[in-house]
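# Observations on the three-dimensional arrangement
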Amino acid sequence: MAILRDFTRVYVLEPFAKWKLTRDWRRSSQLTVDGNGIPNGSIPNGCTVHTSNSSSMPKKQARKMHRYMLRFAEQGWSAIYYSIQFSMCTANFPPVLLNPTALWLNYPQIPLAGPLKLYYITQTAFYSHQIFILNAEARRKDHVQMMTHHVITVILLVSSYFTNYTRIGCLIAVMMDWCDILLPIAKMLRYVGLYTLCDVTFAFFLLSWLITRHALFMIAIKSAWFDSVRLVPEYGWAPERGAYFSPFTHKSFVSLLVFLEVLQVVWFWMICRVAWRVLTGQGASDHRSDEDDFVEDKDD
């Protein structure tokens, strides 16, 4: 996973971001504006206007471009990964969003289909890797929340796999993946200077978050809390046939889901602050992680 991530960032995403940012800077530096707002090349009242030299980039601009290039590549890898995972799961997962009781019928649902098993393995590997990445990179404002989220996610993935709660595990994971596609794309658009598209994508992300991570997620929690007890006979504890449904596993699983929802409510409050910035004309900036970069971008 780490090798694929680094290859994609270094040889695909970073070169593209460097080309885009360098091209935009050269275009903007070809025409400079004098104190009266007259572009280079114009000769007002016989005055000579000098054309700027675009061959040499200021050190401050070069550092900023390098940082944005790295950020673009980082978010690009996230967008690619979550898009692949979302497609893999939705293509092989039964349509149970409108009928969550189907999550618990015929428990345990084994054997698990090969593509869904691959989905589980890659998701667990990805979030385990993210835990190491969070501790290796510079800490951001939401370090504690992100670390808590990743640890809980890994625990849920591993425990649901071994206890055969894989249907609800896949459902929750795919609901999470959708927003995790949109937010990196919005950040990527901002890093390359496409601010209007960034704000539009962020608005779509905000709506999607409200639907998937609150409305649908609460339906999934309700199903895990009540439907499971009603539909799994006698708590379904029979390890010899792969059934591990007991009062302890049931309460533990639901508790982790509720804690995850509380964390998402905190994040949603932060996201609403970003939405307020958009509505007041300040543009989208992510309070959860990259606010400093976005604020600097607006100031420069």
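Below is a summary of the structure that appears in this document.

A count of helices and strands for the chain gives eight helices and two strands. Shown N-terminal to C-terminal, the secondary structure of the chain runs as helices and strands in the order α-α-α-α-α-α-β-β-α-α. Residues counted as buried form 48% of the 300 residues belonging to the chain. Across the chain, the fraction of contacts at a sequence separation of at least 24, relative to all contacts at a separation of at least 6, is 76%. Working note: accessible area of the chain is about 15700 Å², and carbon and sulfur atoms make up 66% of it.

On to the packing of aromatic side chains. In this structure the tally under the stated criterion is 24 aromatic pairs. Ring plane angle 85° and centroid distance 6.2 Å describe the contact between Trp 178 and Phe 204, whose orientation is recorded as edge-to-face. A residue pair is termed long-range when its members are at least 10 positions apart, and Trp 178 in helix α5 (residues 166-191) and Phe 204 in helix α6 (residues 195-231) qualify at 26 residues. The class of Phe 204 is partly exposed, set by a relative accessible area of 41%. Centre to centre, the rings of Trp 209 and Trp 267 are 6.4 Å apart; their planes meet at 80°, and the pair counts as edge-to-face. Of the two residues, Trp 209 is situated in helix α6 and Trp 267 in helix α7 (residues 247-279); the sequence distance between them amounts to 58 residues. Comparing Trp 209 with Trp 267 shows no difference in burial state: the two are buried. The structure contains a cluster of three or more aromatic residues connected by ring pairs, namely Trp 77, Tyr 81, Tyr 82, Phe 126 and Tyr 127.

It is worth spelling out the side chain of Ser 208 at this point. Inspection of the secondary structure puts Ser 208 in helix α6. When its relative accessible area of 6% is taken as the criterion, Ser 208 is described as buried. A distance of 2.9 Å separates the side chain of Ser 208 from the backbone oxygen of Phe 204, its partner in a polar contact.

Turning our eyes to something else, we now look at the environment of Thr 124. Counting through the fold element by element, Thr 124 comes out in helix α3 (residues 114-136). In the structure, Thr 124 is positioned 26 residues away from His 150 in sequence and 9.7 Å away in space, judged by C-alpha atoms. Residues in contact with Thr 124, not counting those within four places in the same chain, are Leu 157 and Val 158.

All right, on to the packing of α5 against α6 then. The N-to-C vectors of α5 and α6 enclose an angle of 165°; their axes lie 8 Å apart at closest approach. The angle between the axes of α5 and α6 places the two elements in the roughly antiparallel class. Here the hand of the crossing between α5 and α6 comes out left-handed.

What follows is about the nonpolar core. One broad trend across soluble globular proteins is that nonpolar side chains are buried collectively. Ranked by internal contacts, the top residues of the largest apolar core, which has 54 residues, are Ile 168, Ile 172, Phe 217 and Leu 257. Elements represented by at least two residues in this core include exactly α1 (2-30), α2 (59-92), α3, α4 (143-162), α5, α6 and α7. If near-sequence neighbours (up to four positions away) are discounted, Ile 172 is found in contact with Phe 217, Ala 220 and Leu 257. Core analysis: the next-biggest nonpolar cluster, separate from the first, contains 17 residues, Leu 134, Cys 179, Leu 182 and Ala 275 among them.

Looking at the element boundaries, Gln 85 is found in helix α2. The exposure class assigned to Gln 85 is buried, which follows from its relative accessible area of 2%. Discounting residues that sit within four places of it in the chain, Gln 85 has contacts with Tyr 119, Thr 122, Gln 123 and Asp 177.

Here the focus is the pattern of salt bridges. A side chain of one charge can pair with a side chain of the opposite charge if their charged atoms are brought near each other. Within the structure shown, the criterion is met by six salt bridges. We note a salt bridge from Arg 71 to Glu 74, for which the minimum N-O separation is 3.7 Å. Here Arg 71 pairs with Glu 74, and both are found in helix α2, just three residues apart, close to one helical turn. Take Arg 71 and Glu 74: they sit in the same class, and that class is buried.

This paragraph deals with the packing of α2 against α5. For the pair α2 and α5, the least separation of the axes is 8 Å and the interaxial angle reads 150°. As summarised for this structure, α2 and α5 are arranged roughly antiparallel, according to the angle between their axes. The crossing of α2 and α5 is left-handed. Considered class by class, the residues forming the contact of α2 with α5 number 14 nonpolar, six polar and four charged.

Definitions and limits used
Residues numbered from 1 in each chain as written. Predicted model: local features only at pLDDT ≥ 70, side-chain atom pairs only at ≥ 80, totals over all residues. Heavy atoms only, no water. Helix = DSSP H or I, 4+ residues; strand = E, 2+ residues; numbered from the N terminus. Buried < 20%, exposed > 50% of the residue type's maximum accessible area, 1.4 Å probe, protein only. Contact = heavy atoms within 4.5 Å. Areas by Shrake-Rupley, 256 points an atom, 1.4 Å probe, with all protein chains shown as cover. Phe/Tyr/Trp six-rings, centres within 6.5 Å; stacked < 30°, edge-to-face > 60°. Polar contact = N/O pair within 3.5 Å; in protein donor to acceptor, adjacent residues only side chain to side chain. Axes fitted to C-alpha atoms, helices over the stretch in contact; angles between N-to-C directions. Parallel < 35°, antiparallel > 145°, perpendicular 65-115°, else oblique. Left-handed = near helix turned anticlockwise from the far one by under 90°. Core = buried A, V, L, I, M, F, W, Y, C linked by side-chain atoms within 4.5 Å. Salt bridge = Lys/Arg side-chain N within 4 Å of Asp/Glu carboxyl O. Nonpolar A, V, L, I, M, F, W, Y, C, P; charged D, E, K, R; others polar.

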